Amino acid sequence: MFQNLSDRFGVALRNLSGRGRITEDNVREAMGEVRTALLEADVHLDVVKKFCDDVLADAVGRDVTKSLKPGQEMIGIVNERLVDLMGPVDSHLMMVDPPPTIVMMCGLQGSGKTTTCGKLAAYLKARGKNVLVAAADLQRPAAVEQLRVVTEQVAAEARGNADVRFYAEPEKCAEYGQAVGVAIGVCQRALREARTQRSDVLILDTAGRLHIDDELMGELDGINRALKPHQIYLVVDAMIGQDAVNSAKTFHERLAIDGVILTKFDSDTRGGAALSVKHVTGAPIKFLGTGEKHDAFEEFHPERVAGRILGMGDVVSLVEKAQQEVSEEEAEQIAAKMAEGKLTLDDFLKQLRSIRRMGPMKQLLGMLPGVGSALSNVDVDEQQLDRLEGIVHSMTPAERQDVKLLNKSRVKRVSRGSGTAASDVNKLTKQFEVMQKMTKQMSGLGAMGKMKAMRELADADPAMLPGVRGLPRLGGRTSTKTASVKSGFKRRKRKK
Ligand SMILES: Nc1nc2c(ncn2[C@@H]2O[C@H](COP(=O)(O)OP(=O)(O)OP(=O)(O)O)[C@@H](O)[C@H]2O)c(=O)[nH]1
Ligand SMILES: [Mg+2]
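Below: a short report on this structure.

### What to know about unusual backbone geometry
- Note the cis peptide between glycine 87 and proline 88, where omega equals -5°.
- As for its placement among the helices and strands, proline 88 is situated in the loop between helix H4 (70-86) and strand S1 (101-107).
- Between aspartate 97 and proline 98 the backbone carries a cis peptide bond, its omega angle lying at 0°.
- Secondary-structure assignment places proline 98 in the loop between H4 and S1.
- The phi dihedral of lysine 228 falls on the positive side, at around 45°, and the residue is not glycine.
- When you line up the elements, lysine 228 lands in the loop between helix H8 (214-227) and strand S5 (231-237).
- For lysine 228, a count of 9 C-beta atoms within 10 Å translates into the label exposed.

### Quick notes on the sheet that holds strand S2 (residues 131-136)
- Strand order in this open sheet of eight strands is S3-S2-S4-S1-S5-S6-S7-S8, and the pairing throughout is mixed. Either end of the sheet is taken by a strand with one partner, and the two such strands are strand S3 (164-167) and strand S8 (297-299). Ignoring strand direction, the axes of neighbouring strands in this sheet form an average angle of 25°.
- Relative to strand S4 (residues 201-206), S1 is paired through five bridges, and the arrangement is parallel.

### Quick look at the site of ligand 1
- The immediate surroundings of ligand 1 are formed by 21 residues, with Gly112, Thr114, Thr115, Gly208 and Gly289 found nearest.
- In terms of residue count, helix H5 (residues 113-125) provides more of the shell around ligand 1 than any other element does, three residues in total.
- The class makeup of the residues in the shell around ligand 1 is three nonpolar, 13 polar and five charged.

### Description of the environment of lysine 408
- One can find lysine 408 in helix H18 (residues 408-418).
- Look at lysine 408 and you get exposed, because 9 C-beta atoms sit within 10 Å.
- A sequence separation of 18 residues divides lysine 408 from asparagine 426, and the C-alpha atoms of the two residues are 9.5 Å apart.

### Things to note about helix H7 (residues 182-196)
- The end-to-end C-alpha distance of H7 is 22 Å, a good match for the 21 Å that 15 residues give at a rise of 1.5 Å each.
- Those residues of H7 that are buried are in contact with S1, S2, S3, S4 and H8.
- Among the residues trailing H7, arginine 198 stands out with phi positive, at a value near 55°.

### Some details on the packing of H7 against H8
- Taken N-terminus to C-terminus, the directions of H7 and H8 make an angle of 30°; their axes are 9 Å apart at the nearest point. Comparing their axes, H8 and H7 come out roughly parallel. Classified by chirality, the crossing of H8 by H7 is right-handed. Contact residues: H7 offers Ala183, Ile184, Cys187, Gln188 and Leu191, while H8 offers Glu219, Gly222, Ile223, Ala226 and Leu227.

### Thoughts on the nonpolar core
- Ala134, Ile203 and Val236 are the most contacted members of the largest nonpolar core, which totals 99 residues.
- Element by element, the count of residues in this core is highest for H4, at seven residues.
- Two domains each provide a minimum of three residues to this core, namely domain 1 (3-86) and domain 2 (101-300).
- Residues within four places of valine 236 in sequence aside, it is in contact with Gly107, Ser111, Ala244, Ala248, Val260, Ile261, Leu262, Thr263, Ala273 and Val277.
- If you look at the next biggest cluster of nonpolar residues, it comprises ten residues, including Leu343, Phe348, Leu388 and Val414.

### Notes on H5
- Taking 1.5 Å as the rise per residue, H5 with 13 residues should run 18 Å; its terminal C-alpha atoms sit 18 Å apart, in good agreement.
- Judged by how many residues are buried, H5 sits mostly within the fold: 13 of 13 residues are covered.

Basis of the calculations
Residues numbered from 1 in each chain as written. Chains lettered and ligands numbered in written order. Predicted model: local features only at pLDDT ≥ 70, side-chain atom pairs only at ≥ 80, totals over all residues. Helix = DSSP H or I, 4+ residues; strand = E, 2+ residues; numbered from the N terminus. Buried ≥ 20, exposed ≤ 12 C-beta atoms within 10 Å, placed from the backbone. Pairing = 2+ DSSP bridges. Axes fitted to C-alpha atoms, helices over the stretch in contact; angles between N-to-C directions. Near = placed C-beta within 6 Å. Nonpolar A, V, L, I, M, F, W, Y, C, P; charged D, E, K, R; others polar. Expected span 1.5 Å × (residues − 1). Contact = placed C-beta atoms within 7 Å. Parallel < 35°, antiparallel > 145°, perpendicular 65-115°, else oblique. Left-handed = near helix turned anticlockwise from the far one by under 90°. Core = buried A, V, L, I, M, F, W, Y, C linked by C-beta atoms within 7 Å. Domains from an automatic or database assignment.

This is the structure:
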């Protein structure tokens, strides 16, 4: 994502950083490269022009702050301008009283409307809102069925205790295209149902077309007039770039959309849509879709996306993502087990999975500041992680609870089952036993102490962080408390 843009910006701005002061000439030179980079990223021409003019005007008149180098000052200016270009954004979904708050989802065919309805429902469920999702796309019975599956999945799997329900009239698909206003009728009855059920939010999944046509616009307009949705979101495929932005403009002119949801942000989008859509349509990007699953959904924060483009890392996203994945409860249970030295391989597997769910390791590490460019030296061995999972999977539940059960013949069985060598299995169980002891000793320390102890352990024995080598040091000196834990650990080990 943004890789090319990011690289090109890096080169343009780094070149500047070697110079003594910002002059009009060297800013112009750097902006020439930035301009090319933006055009290559499929950013709308008007946006490129305005962006470069603004940066230039801002930079040339400015004295370089004493403590900064010209290149740093420029990165600051470009960052501010990128944020301005995409923001401001308020992703907060205002709830109306009396409920339900009506949200209408619209967009071109295949942009991700149906998937996004599920994601938004999951997002709201996690925030305690009861949701009714209604199928207003009657073009094909399969579309209704797809939404039903998505909704049921969210109801069963997404976080939170609130209700997520589904409303549809599949038999009306047969009438679609023959009579006017069939979809409007379905939406009106869905609204009645939402009131009866006391849903907080009603989400309408509408029909899409390959190209905007009058019939579709008329239908969406009709739903808009009849139900007066509180929020109309346009779902836009980030991969499509400028074309998507142009169609967004038409949708906005007809429906006065409240915001854009950019989907497929996980794919290799060049960035054009993200950078142009606000300027061209006047409607802000509210959310990002970052995958096919219902939890691959984020609030849009312009400063974070600007940070990613400039390669400055994105710690906030990283932390949020991590918090979302490892539920508080799970973390507490594991902490309690650690304190008693009762950590099992099952817990280990759970942790491994939650780390991996956060995304490929490299992508994750790349979000840390300063790590992005150093990543070429980091050797993340996903295969090694696969092997570890394979080994644990080949153990019986009893063995996972107590690795001591693993005698020679059991080790042989596990190694055969996981397609690894017996020495791999032994290595894992040894490492695990060390970890078990260590976590017990560390349980008295605060979070920082734990981190430092981990770091020390990884330094002392690189094999303790299997699958990750050459991780850049994130700084910080060892506290005496941690050092004593470590030496205490060694002492005890020697006594054995
Ligand atoms: N990678 C990725 N795929 C997505 C994302 N959002 C949607 N998709 C995929 O895009 C395809 C189309 O998604 P739908 O939700 O069916 O799109 P739609 O707008 O409802 O399509 P129509 O109802 O046919 O107009 C599906 O294969 C989705 O899994 C996303 O954020 N990332
Ligand atoms: Mg759909």
